Amino acid sequence: MSLKSFQSEIQEIHARELARQRGQPSGTPASAPRNIHSKKIQILEGSNIVGEPPPPGDVGVEDEVEAVLTSLSIHDYDRARTSVAQLITGSKGEYIFRIGCRPPHASLFVGESVSDATGWSGVPRTGVEVTSLQSAVKKVVEELGGKTSVLFETVDDHHPRATLLLRLPPPSIELVPEVRCAVVGNVDSGKSTTLGVLTRGPLDDGRGRARVALFRHKHEIETGRTSSVGMEILGFSTAGIPVLPNIPPSADADVIRRDKLGWDEISAQSAKIVSFSDLAGHERYLKTTLYGLTSGAPSCVILMVGANAGLIGMSKEHLAIALALSVPVVVCITKIDMTPPNILNETTKQVVKILKSPGCRKTPVFVNSMEVAVESSQTFAQHKLCPIFRVSNVTGEGLDYFRTFLNLLPSSEADTETFTVDQPLEYSVTDVWSVPYVGTVVNGILNSGSIKTGDSVLFGPDSNGHFQSTVVRSMQRKRADVVTAEAGQCVALALKRVKRAAVRKGMVIVHKSDTPPKAVHQFEGQVLILYHNTTMQRNYQAMLHCGAVRQTVRIISMDNPEGILRTGDRATVQFEFITQPEFVKVGMKLLFREGKTKGLGVITRLL
C-alpha cells in the first residue's frame, strides 16, 4: 500500500465529505472545479511535464490581457482601464501582468537557456513596444489608485518580455490578504536567522545577531534554540516593497531587538501580509511543531536546510509530516557563504535526490533568476514542483528572489475549497490567553462562515461534551482592531464573562442555535501506519493531532483479522478519546504519534 495512493484516497474522502456537509450533491458546479483540477494533475503526472504554459482553461484571461495591450497600443485608455480593473478585482486585488512571449515552463524550470527553446506562447513584442506598454499599463493602474512594480524585464533578448505586478491597496485592515507559511527544519539550519533578516531588514553578522529579535524566552536567547511557536509577519506594500523598520545596517543586536514595527503598523502599511510560524527544530519540541502544522492551516511549508549540514535529523521528519498533510513545500538552503563549494554541491544533490524519491515525487526547481521566482510562485502547488532557494543571510545573496516569491504567493483566504464564507460559522481555537482588563482571549482560524463583534456564540465542548454561550466583546487581526472577519482569516476574539480555565485549545466556536454541535467520544477512521517498531493492538494509546484538536486516543477495535498492525499496514480503526469528548467532523485528516510512531489517516464515521 503506497503512501501516495493512500493520500489521494484521503483527499477524495475529504472532498466528498466537504461537499456533503456543504449540502451540494458532488456533481454540482461548486465542487466541479476540484475534479477538473485533479484531472489536470493526472494528465500532468501521466505526461510528466513541468507545468507547461497555461491550459486552455485560462484562455479567457489571456485574451483579456491581450485586449488590454491592444487597447493601449491604439490609445483607447477607457477600455483598457475597465479591463485592467476587472483583471485585478477578479484575482483578489493583485494580478501578475505579462507583456510579450512566455517561455516554456519545461525549459525554464529545468534551468536551461530559454532563448533557443521551442514552445513559446503569447504574442511576440519588440523591445520598444514592451517599454512603451509598460509605462501605459503603469499609468492606467495609477488612475485606478493602484501601484505597478516591475518584477522582471528583458529587452535586448530574442524575446523581449516583461512581467509586472498590478496591485490595489486593500479597502480596510480587515481585508488585507494573508499568506500563512510554516517554517521548519533541523536544529541550527538557520530558521530564525532567515526570518529575522526577512522581517527586520539588516543582514546577519554570522554570529546570530539577526535571530535574537525573534526569541521570546530567556532560555532561547541563551541557547539560541527556538522552543515555542514564534509568530512573525512580513508586510508588502502596494508597490511590492517589504515594509521594514528603519534600522541602520550596522546596528547591534539590542537595537534590532528594540526597533521593530508593531504588527498594527505593519498591517496599516501593507497590501499583503506573509505570516511565518517559526516552528521549533529540536526533537524534544516535535509535538509543538506538529501542532503548529496541523492547527495553523499553512498554505506552504518552508523547509530550511543548512548547506553545511545537509538534510539531517528532524528535517526529514518535518518533510514527511508536510507531505503527509499534503501541504506544498519550498526548500531554502541557507549558509551558502560559509560552506565550501564541494559540500554545497553534496547538500544540493542530496536534497534533489530526496525530493525525487518515490515518497516525495516532487520536481525540484532551482530559483536562479527573477523569472523563475515569478513563474514558480504561481504554479508550484498544483504541479508538484518544489522551488529551491539558495540564500546567505550574511551576504544577502538569493534573498531578493525569496522575497519576490513570498510577495507573489496566493493568499490563504483565496483557497475557497478549504474556507467557505457562505457556510455556518466554525472557528477553531488554537491558543488561549488571559489579558488584563480584557478577560479571556482566544486565537484561531475561521474554518467557515463569518463573525462580527457583538455576536452571540457557543464555545465547547467542555469535559462533559456541552457547549456554553458567550458574546464576542472585541476582535483583533494581527494586533489591529477589526469588527468583522471571514473564513480563512486568523483572528483573536475577546469573550465576555468567560473564565480562562473554561476554554482550551481544540475547542470550536459556532453561532448560537437551537441545536448545538455534538461532541464525540469515539470515531472510526481509515489509517496507514507510516512507522512503528513493533506491533499495535487493542488498547494501544497514541497522541492524535486533528486540526486544532490534540489529545491521547486509545484503539478500541480494528478490522485487521490478526488484530495487530505493523509498519505499512492500513486498516479501519475505531478510536476513543481518553480524557474528554472533542468536536471532529467526518473527512478531517488525522496524524497520530507516540514517540517515533507515525500514523496518517482520515475520519470516516463518528460513533
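None of these values were measured; they are calculated from a predicted model. (Residues numbered from 1 in each chain as written. Predicted model: local features only at pLDDT ≥ 70, side-chain atom pairs only at ≥ 80, totals over all residues. Heavy atoms only, no water.)

*Asks:* Can you help me understand the overall build of the protein chain in this one?
*Replies:* Check the secondary structure of the protein chain and you find 15 helices and 26 strands. A burial count over the protein chain gives 53% of its 607 residues as buried. For the protein chain, the accessible area works out to roughly 26400 Å², and carbon and sulfur atoms hold 52% of it. Distance between charge centres in the protein chain, computed from 67 positive and 61 negative side chains, equals 7 Å. (Helix = DSSP H or I, 4+ residues; strand = E, 2+ residues; numbered from the N terminus. Buried < 20%, exposed > 50% of the residue type's maximum accessible area, 1.4 Å probe, protein only. Areas by Shrake-Rupley, 256 points an atom, 1.4 Å probe, with all protein chains shown as cover. Lys, Arg positive; Asp, Glu negative; His and termini not counted. Charge placed at Lys NZ, Arg CZ, Asp CG, Glu CD.)

*Asks:* Before we go on, may I ask you to explain the packing of helix α4 (residues 77–90) against helix α6 (residues 127–143) in this structure?
*Replies:* The angle between the axes and the distance between the axes are what describe a pair of packed helices. At their nearest, the axes of α4 and α6 sit 10 Å apart, and the two run at 70 degrees to each other. In terms of their interaxial angle, α4 and α6 are classed as roughly perpendicular. α6 is crossed by α4, and the crossing has right-handed handedness. The segment α4 lies against α6, with Y77, A80, R81 and V84 engaging A136, K139, V140, V141 and E143. (Axes fitted to C-alpha atoms, helices over the stretch in contact; angles between N-to-C directions. Parallel < 35°, antiparallel > 145°, perpendicular 65-115°, else oblique. Left-handed = near helix turned anticlockwise from the far one by under 90°. Contact = heavy atoms within 4.5 Å.)

*Asks:* Would you take a moment to explain the environment of G262 for this structure?
*Replies:* Among the structural elements, G262 can be located in the loop between α9 (253–258) and α10 (263–269). Among the residues examined, G262 registers a relative accessible area of 22% and is labelled partly exposed. Each C-alpha atom of the pair G262 and I233 lies 10.0 Å from the other, and the pair is 29 residues apart in sequence.

*Asks:* What should I look at first to understand the packing of aromatic side chains in this one?
*Replies:* Here a ring pair, both rings aromatic, is described through the centre-centre distance and the interplanar angle of the planes. With the rule as written, the count across this model stands at seven aromatic pairs. With a centroid separation of 5.4 Å and 55 degrees between ring planes, the pair formed by F380 and F405 is classed as tilted. Taken as a pair, F380 in the loop between α14 (370–379) and β11 (385–390) and F405 in helix α15 (residues 399–408) lie far apart in primary sequence, 25 residues in all. Comparing F380 with F405, the two get one shared label, buried. Plain terms: the ring middles of F389 and F402 are 5.0 Å apart, the flat faces sit at 50 degrees to each other, and that makes the pair tilted. Highlighted residues: F389 in strand β11 and F402 in helix α15, separated in sequence by 13 residues. In this structure F389 comes out as buried when scored by relative accessible area, which is 1%. Given a relative accessible area of 1%, F402 falls into the buried group. (Phe/Tyr/Trp six-rings, centres within 6.5 Å; stacked < 30°, edge-to-face > 60°.)

*Asks:* Sorry, what's going on with the pairing of strand β1 (residues 94–100) here?
*Replies:* Successive side chains on a regular strand alternate, one facing one side of the sheet and the next facing the other. Where burial is concerned, most of β1 is hidden: seven out of the seven residues are buried. Pairing of β1 with strand β3 (residues 161–167) involves seven bridges; the strand directions are antiparallel. Along β3, the bridge assignment pairs I99 with A162. (Pairing = 2+ DSSP bridges.)

*Asks:* Mind showing me how you'd approach the pattern of salt bridges here?
*Replies:* Between side chains of opposite charge, a pair can form when the charged atoms approach closely. Counted according to the given criterion, the structure contains 23 salt bridges. Between E178 and R180 there is a salt bridge, and its shortest N-O distance comes to 3.7 Å. Look at E178 and you get buried, because its relative accessible area is 1%. Residue R180 is classed as buried on the basis of its relative accessible area of 5%. The shortest N-O distance in the salt bridge between R504 and E582 comes to 3.3 Å. In this pair, R504 is assigned in the loop between β19 (490–495) and β20 (508–511) and E582 in the loop between β24 (570–577) and β25 (589–594), connecting sequence segments 78 residues apart. With relative accessibility at 19%, the residue R504 sits in the buried group. (Salt bridge = Lys/Arg side-chain N within 4 Å of Asp/Glu carboxyl O.)

*Asks:* What is the right way to look at the sheet that holds strand β21 (residues 522–531) in this model?
*Replies:* By definition, the strands of a sheet pair up through backbone hydrogen bonds, in either a parallel or an antiparallel sense. Strand order in this closed barrel of six strands is β21-β24-β23-β22-β25-β26, and the pairing throughout is antiparallel. The sheet shows a mean angle of 45 degrees between the axes of neighbouring strands, direction not considered. Where strand β23 (residues 549–558) and β24 come together, five bridges link them in antiparallel fashion. Counterpart to M558 in the pairing with β24 is V573. Where helix α1 (residues 3–21) meets the sheet, it contacts β21, β24, β25 and β26 (597–606), and its direction lies at approximately 30 degrees from that of β26.

*Asks:* Whenever I open this one, the sheet that holds strand β2 (residues 147–154) confuses me. Can you help?
*Replies:* In space, the three strands of this open sheet follow the order β1-β3-β2, with antiparallel pairing throughout. The open sheet has two free edges, formed respectively by β1 and β2, since each of these has just one partner strand. Pairs of neighbouring strands in the sheet enclose a mean axial angle of 20 degrees, with direction left out of account.

*Asks:* Is there a simple way to explain α4 in this structure?
*Replies:* Residues separated by three or four positions in an α-helix point in the same direction, a consequence of the helix having 3.6 residues per turn. Taking 1.5 Å of rise per residue, 14 residues should cover 20 Å, and α4 covers 20 Å from first to last C-alpha, within 8% of that figure. Within α4, burial applies to A80, S83, V84, L87 and I88. Seen along its axis, α4 keeps its buried residues to an arc of 130 degrees; they face one direction. Opposite the buried face of α4, by more than 90 degrees, sit the exposed residues D78, T89 and G90. One or two residues past the end of α4 sits K92, with phi positive at roughly 55 degrees. (Expected span 1.5 Å × (residues − 1). Arc of directions from axis to C-beta.)

*Asks:* Please clarify how α15 should be interpreted in this entry.
*Replies:* In terms of burial, α15 is largely enclosed, as eight of its ten residues are buried. For α15, every residue scored as buried is listed here: L399, F402, R403, T404, F405, L406, N407 and L408.

*Asks:* Could you clarify how one ought to interpret the confidence of the model for the protein chain in this entry?
*Replies:* Low pLDDT means the predicted coordinates in that region are not meant to be read closely. Here the protein chain averages 85 in pLDDT, and 93% of its residues register 70 or above. No element of the protein chain has a lower mean pLDDT than helix α2 (residues 32–47), at 36, and none a higher one than β20, at 95. (pLDDT = per-residue confidence, 0-100.)

*Asks:* Just to check I follow, could you spell out the nonpolar core for this structure?
*Replies:* Soluble globular proteins: nonpolar side chains tend toward being buried together. The biggest cluster of nonpolar side chains holds 40 residues, and the ones touching the most others in it are C181, L198, F276, I302, F389, L406 and L409. Broken down by element, this core gets its largest block of residues, four residues, from α15. Contact partners of C181, with chain neighbours within four places excluded, come to V274, S275, F276, S277, P298, C300, I302, L406 and L409. In terms of nonpolar packing, the next biggest core, distinct from the first, is built from 38 residues, L279, V305, I333 and I336 among them. (Core = buried A, V, L, I, M, F, W, Y, C linked by side-chain atoms within 4.5 Å.)

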